[in-house]
Amino acid sequence: MEKLIRVMDEEMQAVGGQKVNMPSLSSAELWHASGRWDKMGMELFRLEDRHGKGYCLGPTHEEAVTQLVAAHSNLSYKQLPLRLYQITRKFRDEPKPRFGLLRSREFYMKDMYTFDASEEAARQTYKLVCDAYCSLFNRLGLPFVKVRAATGNIGGTMSHEFQLPADVGEDRLVLCPDGHFAANVETLNGEQTSCPTCGEKLTQTRGIEVGHTFYLGTRYSSISNAVFCSHENKPQLAEMGCYGLGVTRILAASIEVLSTEDNIRWPSLITPYQLCFIPPKRGSKEEEEGGALLDRLYNDLAEALPHLTGDSVLDDRTQLTIGKRLKDANKLGYPYVIVAGKRVCEDPPVFEVWNQNAGEVLFLTKEGVVELLSKAQVP
């Protein structure tokens, strides 16, 4: 999760994002003012403090962030755009939490809220952040589609979802085979079967939603009076957008779409460890020499590829056979597993290297291992 957050921080800061931390508890007054206290229905976790004052656990933070910006009454157009984001826990009282981390009552989300001086500038920001989302999913190597979507409880006039096509997905999508058109079925009027651009027959698939973007206009800024001083020295409402990425959702969905029946596969950038070292079994004839050679290999790798030192794990359960530990390593999805097996006592020593994502086993000397691992990706 920390690795994924690091990649998100890079992408958000590349588009001028400033990281903030907003409270999980949100005042009921703010939600009544926006009309969402009732509109959100049963999904909103509601509570009262000892004085009977109402709060909710934030499922999203449009009200809170707009109030924060509105509190800066002397904001000038020169200070815009503002692109504020956070990565924090969110809460939704889901009727049927299911699919492990895919739909849970408590989850991590990256949410960004943008404030611009004009509609034109806000639409440019919208495109910029959508492009950053595309960059993120491309870096992770995830097969995603950006589709037209409904605005739902968030509101606004334009919305897109970022979906990972998958059989277990809850959303039904229609896609043009040539990429001209993509939409969530819920946005279509009636049965649309052909692409409005090229006329090709649309294909249907299911998807897991991992990101959602909204162009809000002045929907929230008009309620909280989030204004700035314009070029003409007049108060003007800020034009807003909001953008969400499901952190825990991306973790779960990427495993879902990349893994095989027996083995977890992670996006290379966010795998828990790049490297797993498996020393010989306790009591085997390779134990002493093989263990020492594996130690030396680790030190040589640390010197040649220092960025991998914090990305390595040693399976020191030497009471278990190599085969059992190898099976566990496959299940956990380490991209590279280095085994000190039978050939480690040859001259020169030969290590058994499992390149999991390529599905191959290589027998390499120390130099070969260093060369192979120089291609490993870390954020």
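Not measured: the values here are computed from a predicted model.

**Student:** For the pairing of strand β6 (residues 106-116), give the residues involved together with the corresponding values.
**Tutor:** Of all the 11 residues making up β6, nine are buried; the element is thus mostly covered by neighbouring parts of the structure. Bridging between strand β5 (residues 82-91) and β6 involves 10 bridges; their strand directions are antiparallel. Bridge pairing links Gln-86 to Asp-111 in β6. As judged from the eight bridges shared by β6 and strand β14 (residues 239-246), these two strands associate in the antiparallel manner. Looking across to β14, one finds that Asp-116 is bridged to Glu-239.

**Student:** Outline the packing of aromatic side chains, listing residues and values.
**Tutor:** Each pair of aromatic rings is reported with the distance of its centres and the angle of its planes. Enumeration over the complete set of coordinates arrives at seven aromatic pairs. Between Tyr-133 and Phe-162, the ring centres sit 5.3 Å apart and the planes meet at 65°, which makes this aromatic pair edge-to-face. Remark: Phe-162 occurs in strand β8 (residues 158-165) and Tyr-133 occurs in helix α5 (residues 119-140); sequence separation between them is 29 residues. Exposure class is identical for Tyr-133 and Phe-162. Each is buried. Between Phe-144 and Phe-162 the ring centres are 6.2 Å apart and the planes differ by 35°, which places this aromatic pair in the tilted class. Taken as a pair, Phe-144 in the loop between α5 and β7 (145-148) and Phe-162 in strand β8 lie far apart in primary sequence, 18 residues in all. As far as burial versus exposure is concerned, Phe-144 and Phe-162 are alike and both buried. An aromatic cluster of three or more residues is present, and its members are Tyr-133, Phe-137, Phe-144 and Phe-162. One residue, Arg-46, lies across the ring of Trp-37, its end atom 5.0 Å from the ring centre.

**Student:** With reference to specific residues and values, describe the sheet that holds strand β19 (residues 360-364).
**Tutor:** Read from one edge to the other, the open sheet built from five strands follows the order β16-β15-β17-β18-β19, with strand pairing classed as mixed. Looking at strand neighbours, the two that pair on one side only are β16 (312-314) and β19, the edges of this open sheet. The mean angle between the axes of side-by-side strands here comes to 20°, regardless of whether they run parallel or antiparallel. Relative to β16, strand β15 (residues 275-278) runs parallel, the two being bridged by three bridges. Looking at the pairing, Phe-277 lines up with Leu-314 of β16. Along the sheet, helix α8 (residues 287-304) makes contact with β15, β16, β17 (336-339) and β18 (351-355), crossing β15 at roughly 160°.

**Student:** I'd love a proper account of the environment of Val-361, names of residues and values included.
**Tutor:** Its place among the elements puts Val-361 in strand β19. Among residues more than four places away in sequence, those in contact with Val-361 are Glu-352, Val-353 and Trp-354.

**Student:** Before we move on, can you summarise the pattern of salt bridges with the specific residues and values?
**Tutor:** Taken as a whole and judged by the stated rule, the model has 18 salt bridges. In this structure, Asp-9 and Lys-19 form a salt bridge, with 3.1 Å as the shortest nitrogen-oxygen distance. Within this pair, whereas Asp-9 is found in helix α1 (residues 2-14), its partner Lys-19 is found in strand β1 (residues 18-19), the two being separated by 10 residues in sequence. Look at Asp-9 and you get buried, because its relative accessible area is 16%. Note that Glu-106 is salt-bridged to Arg-89, the shortest N-O span being 2.5 Å. On the criterion of sequence distance, the pair formed by Glu-106 in strand β6 and Arg-89 in strand β5 is long-range, its members being 17 residues apart. Here Glu-106 falls in the partly exposed class, since its relative accessible area comes to 40%. Its relative accessible area of 38% is what places Arg-89 among the partly exposed residues.

Conventions used here
- Residues numbered from 1 in each chain as written.
- Predicted model: local features only at pLDDT ≥ 70, side-chain atom pairs only at ≥ 80, totals over all residues.
- Heavy atoms only, no water.
- Buried < 20%, exposed > 50% of the residue type's maximum accessible area, 1.4 Å probe, protein only.
- Helix = DSSP H or I, 4+ residues; strand = E, 2+ residues; numbered from the N terminus.
- Pairing = 2+ DSSP bridges.
- Phe/Tyr/Trp six-rings, centres within 6.5 Å; stacked < 30°, edge-to-face > 60°.
- Lys NZ or Arg CZ within 6 Å of the ring centre and 35° of its normal.
- Axes fitted to C-alpha atoms, helices over the stretch in contact; angles between N-to-C directions.
- Contact = heavy atoms within 4.5 Å.
- Salt bridge = Lys/Arg side-chain N within 4 Å of Asp/Glu carboxyl O.

In short, geometric facts, not functional conclusions.
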